[in-house]
Amino acid sequence: KYGPSLRFGYRFDRLFLPELLHANLVHLCVNIFSQIQLLSLFEGDNQLVNRYSLVLFFIFSGSGSVLFSAVMSPYSLSVGASGSLCGLLGLWVTFIISRWQEFDS
């Protein structure tokens, strides 16, 4: 993302493209491993969220993090799906807190 291109260049594709780009191979592998680990929490026997809602949440949380980063630090460059991963982690923590009574027994 690059803030001025969003604001003055009307390059709205830069809201979701940084989620698909990565700095190097290690960055890509760590993001893929993290995605597999976090997404496995939502699937399985107790499917917490259906797959389509999870994909939409992943895309919107990533775009929201890119937008927030562009507002807070407009002249920095950033790539990767870390914002989407933080959104998934926040969703998982929300499910844990909302179903705390089920885990207590």
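Rules behind the numbers
Residues numbered from 1 in each chain as written. Predicted model: local features only at pLDDT ≥ 70, side-chain atom pairs only at ≥ 80, totals over all residues. Heavy atoms only, no water. Patch = residues over 30% accessible without salt bridge, like charges linked within 9 Å, V, L, I, M, F, W, Y side chains within 5 Å. Areas by Shrake-Rupley, 256 points an atom, 1.4 Å probe, with all protein chains shown as cover. Salt bridge = Lys/Arg side-chain N within 4 Å of Asp/Glu carboxyl O. Helix = DSSP H or I, 4+ residues; strand = E, 2+ residues; numbered from the N terminus. Buried < 20%, exposed > 50% of the residue type's maximum accessible area, 1.4 Å probe, protein only. Axes fitted to C-alpha atoms, helices over the stretch in contact; angles between N-to-C directions. Parallel < 35°, antiparallel > 145°, perpendicular 65-115°, else oblique. Left-handed = near helix turned anticlockwise from the far one by under 90°. Contact = heavy atoms within 4.5 Å. Expected span 1.5 Å × (residues − 1). Arc of directions from axis to C-beta. Polar contact = N/O pair within 3.5 Å; in protein donor to acceptor, adjacent residues only side chain to side chain.

A.B. asks: Give me the lowdown on a nonpolar patch on the surface, citing residues and values where you can.
C.D. replies: The grouping of Phe16, Leu17, Leu20, Leu21 and Val79 at the surface amounts to a nonpolar patch, some 450 Å² of accessible area in total. With respect to the helices, strands and loops of the structure, leucine 21 is situated in the loop between helix H1 (3–7) and helix H2 (25–42). Of the residues examined, leucine 21 reaches a relative accessible area of 47% and is grouped as partly exposed.

A.B. asks: Quick one: what's the story with the packing of H2 against helix H4 (residues 82–98), residue by residue and with numbers?
C.D. replies: If you want to describe how two helices pack, look at the angle between their axes and the distance between the axes. Between H2 and H4, the shortest axis-to-axis distance is 10 Å and the interhelical angle comes to 20°. Judged by the angle between their axes, H2 and H4 are roughly parallel. Remark: the crossing between H2 and H4 carries left-handed chirality. Between H2, through Asn31, Ser34, Gln35, Leu38, Leu39, Leu41 and Phe42, and H4, the contact on the second element is made entirely by Ser82, Leu85, Leu88, Leu89, Leu91, Trp92 and Phe95.

A.B. asks: A description of H2 should follow, citing residues and the corresponding values.
C.D. replies: With 18 residues, H2 ought to run about 26 Å at 1.5 Å a step, and its terminal C-alpha atoms sit 26 Å apart, in line with that. Every buried residue of H2 is accounted for by Asn31, Leu38 and Phe42. Angular distribution of buried residues about the axis of H2 spans 60°; they occupy a single face of the element. Across H2 from its buried face, at more than 90 degrees, point the exposed residues Leu25, Val26, Phe33 and Ile36. Next to the buried residues of H2 lie helix H3 (51–72) and H4.

A.B. asks: Break down the environment of asparagine 31 for me, with residues and values.
C.D. replies: The topology assignment puts asparagine 31 in helix H2. The class of asparagine 31 is buried, set by a relative accessible area of 4%. In this structure, the C-alpha to C-alpha distance between asparagine 31 and alanine 81, residues 50 residues apart in sequence, is 6.7 Å. Beyond its immediate stretch of four places on either side in the chain, asparagine 31 contacts His22, Gly80, Ala81, Ser82 and Leu85. Looking at asparagine 31, its side chain comes within polar contact range of the side chain of histidine 22, at 3.0 Å.

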